[in-house]
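Understanding the architecture of this molecule
Single-letter residue listing:
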Amino acid sequence: MSIRHGLLALLERGPRYGSQLRTEFESRTGSTWPLNVGQVYTTLARLERDGLVAPGGEDAAGHTLYAITDTGRGELRDWYERPVDRANPPRDELAIKLAMAVGAPGVDIRAVIQSQRHATVRAMQDYTRLKAQALSAIETGQAHERDDVAWLLVLEQLIFQTEAEARWLDHSEARLVRLAALGTTGGAPAAPAAGNATPPPAAATGPTSGTTGPAARTRRG
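Conventions adopted
- Residues numbered from 1 in each chain as written.
- Predicted model: local features only at pLDDT ≥ 70, side-chain atom pairs only at ≥ 80, totals over all residues.
- Heavy atoms only, no water.
- Helix = DSSP H or I, 4+ residues; strand = E, 2+ residues; numbered from the N terminus.
- Expected span 1.5 Å × (residues − 1).
- Buried < 20%, exposed > 50% of the residue type's maximum accessible area, 1.4 Å probe, protein only.
- Contact = heavy atoms within 4.5 Å.
- Pairing = 2+ DSSP bridges.
- Polar contact = N/O pair within 3.5 Å; in protein donor to acceptor, adjacent residues only side chain to side chain.
- Salt bridge = Lys/Arg side-chain N within 4 Å of Asp/Glu carboxyl O.
- Axes fitted to C-alpha atoms, helices over the stretch in contact; angles between N-to-C directions.
- Parallel < 35°, antiparallel > 145°, perpendicular 65-115°, else oblique.
- Nonpolar A, V, L, I, M, F, W, Y, C, P; charged D, E, K, R; others polar.
- pLDDT = per-residue confidence, 0-100.
- Phe/Tyr/Trp six-rings, centres within 6.5 Å; stacked < 30°, edge-to-face > 60°.

Observations concerning helix 7 (residues 146–181)
- In this model helix 7 runs 53 Å from its N-terminal to its C-terminal C-alpha over 36 residues, within 8% of the 52 Å that 1.5 Å per residue would give.
- After helix 7 finishes, the residue Gly183 shows a positive phi value of roughly 70°.

Some details on the environment of Glu58
- With respect to the helices and strands, Glu58 occurs in strand 1 (residues 53–58).
- Judged by relative accessible area, which is 58%, Glu58 ranks as exposed.
- For the pair Glu58 and Arg16, spaced 42 residues apart in sequence, the C-alpha to C-alpha distance is 9.4 Å.
- With residues up to four places along the chain from it excluded, the contact list for Glu58 reads His63, Thr64 and Leu65.

Regarding the pairing of strand 2 (residues 64–68)
- Relative to strand 2, strand 1 runs antiparallel, the two being bridged by four bridges. Of the residues in strand 2, the one forming a bridge with Ala54 is Ala67.
- The antiparallel pairing of strand 1 with strand 2 creates a hairpin that spans five residues between the two strands, and Gly62 there sits at a positive phi of about 90°.

Looking at the environment of Thr32
- Considering the arrangement of structural elements, one finds Thr32 in the loop between helix 2 (18–28) and helix 3 (37–49).
- Of the residues examined, Thr32 reaches a relative accessible area of 25% and is grouped as partly exposed.
- The sequence separation of Thr32 and Leu155 amounts to 123 residues, and the corresponding C-alpha distance is 8.9 Å.
- What Thr32 contacts, discounting residues up to four positions off in sequence, is Trp151, Val154 and Leu158.
- At a separation of 2.8 Å, a polar atom in the side chain of Thr32 contacts the main-chain carbonyl oxygen of Thr29.

Concerning the pattern of salt bridges
- Per the stated rule, a full pass over the model turns up ten salt bridges.
- Between Asp70 and Arg73 there is a salt bridge, with its nearest N and O atoms 3.4 Å apart. Taken together, the positions of Asp70 and Arg73, both in helix 4 (residues 70–81) and three residues apart, correspond to about one turn of that helix.
- Asp70 gets classed as exposed once you look at its relative accessible area, which sits at 65%.
- Note that Arg129 is salt-bridged to Asp126, the shortest N-O span being 3.3 Å. Of this pair, Arg129 and Asp126 both sit in helix 6 (residues 109–139), three residues apart, roughly one helical turn. Accessibility classification places Arg129 together with Asp126 in one group, the buried group.

Examining unusual backbone geometry
- Backbone geometry places Ser31, a non-glycine residue, at a positive phi of 60°.
- The partly exposed category is assigned to Ser31, whose relative accessible area is 31%.

A few points about the side chain of His5
- Examined against the element boundaries, His5 turns out to sit in helix 1 (residues 2–11).
- The contacts of His5, once residues within four sequence positions are left out, are Glu75, Leu76, Trp79 and Arg82.

Focus: the packing of helix 1 against helix 3
- Look at helix 1 against helix 3: their axes get within 10 Å of each other, and the N-to-C directions meet at 80°. Judged by the inter-axis angle, helix 1 sits roughly perpendicular to helix 3. Contacts between helix 1 and helix 3 involve Ile3, Arg4, Leu7, Leu8 and Leu11 from the former and Gln39, Val40, Thr43, Leu44 and Leu47 from the latter.
- Tallied by class, the residues present in the contact of helix 1 with helix 3 amount to seven nonpolar, two polar and one charged.

Let's talk about the confidence of the model for the chain
- Chain-level statistics for the chain give a pLDDT mean of 83 and a share of 81% at 70 or above.
- With pLDDT under 50 throughout, residues 187–195 is counted as low confidence; its partners more than four residues away or in other chains account for 15 contacts.
- In this model, residues 200–221 is a region of pLDDT below 50 whose contacts with residues beyond four sequence positions or in other chains number 45 contacts.

Thoughts on the packing of aromatic side chains
- One pass over the full model with this rule turns up one aromatic pair.
- The interplanar angle of 35° and the centroid separation of 5.4 Å between the aromatic rings of Trp79 and Tyr80 together place this pair among those described as tilted.
- Note on Trp79: relative accessible area 28%, which makes it partly exposed.

Shown next, in the form of structure tokens:
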């Protein structure tokens, strides 16, 4: 639903065509959730079917424009005011992986946790570095566009998310160690070696050394 309402939010600023909506959506979110043109036009067709958008003519280059309707504006206002529903959380691949790895023959769940922990910390470092760049651009006056502020908010959400994931991995390993001592996990890991714990999340407040990862993206400014 975020794509559906995200397109409505962009159309509220004026008529747009498909590839323009894709570009603006990705710019606003820092390409964190890339779209393809097919997704955009499929969503526009559904929005038109539901009476939330309508054809808005063509631009000088012959692109078909779409415009938000009054019904679409009402839907958008409701979306802004309605809390995100957490009753049916999205499937999380990592949680499913660890759940399936518990007691699985030939699987070292501690190695699974360690591998993910390293990847999570690298991602946290990438997000933190990009946050520092975005803040510097905004605070020095190099960037004041709404897209830059929106990208900063997305980055901070990703940082908090990876911090929480790192803490959960540490907790999961400690939990499995305690349960293994009780003989209830069917081969959980031995006690973690010293130095395996995730660094404290305070590192997310400033820049860290650059590494390549899922958020390695350079913003303008």
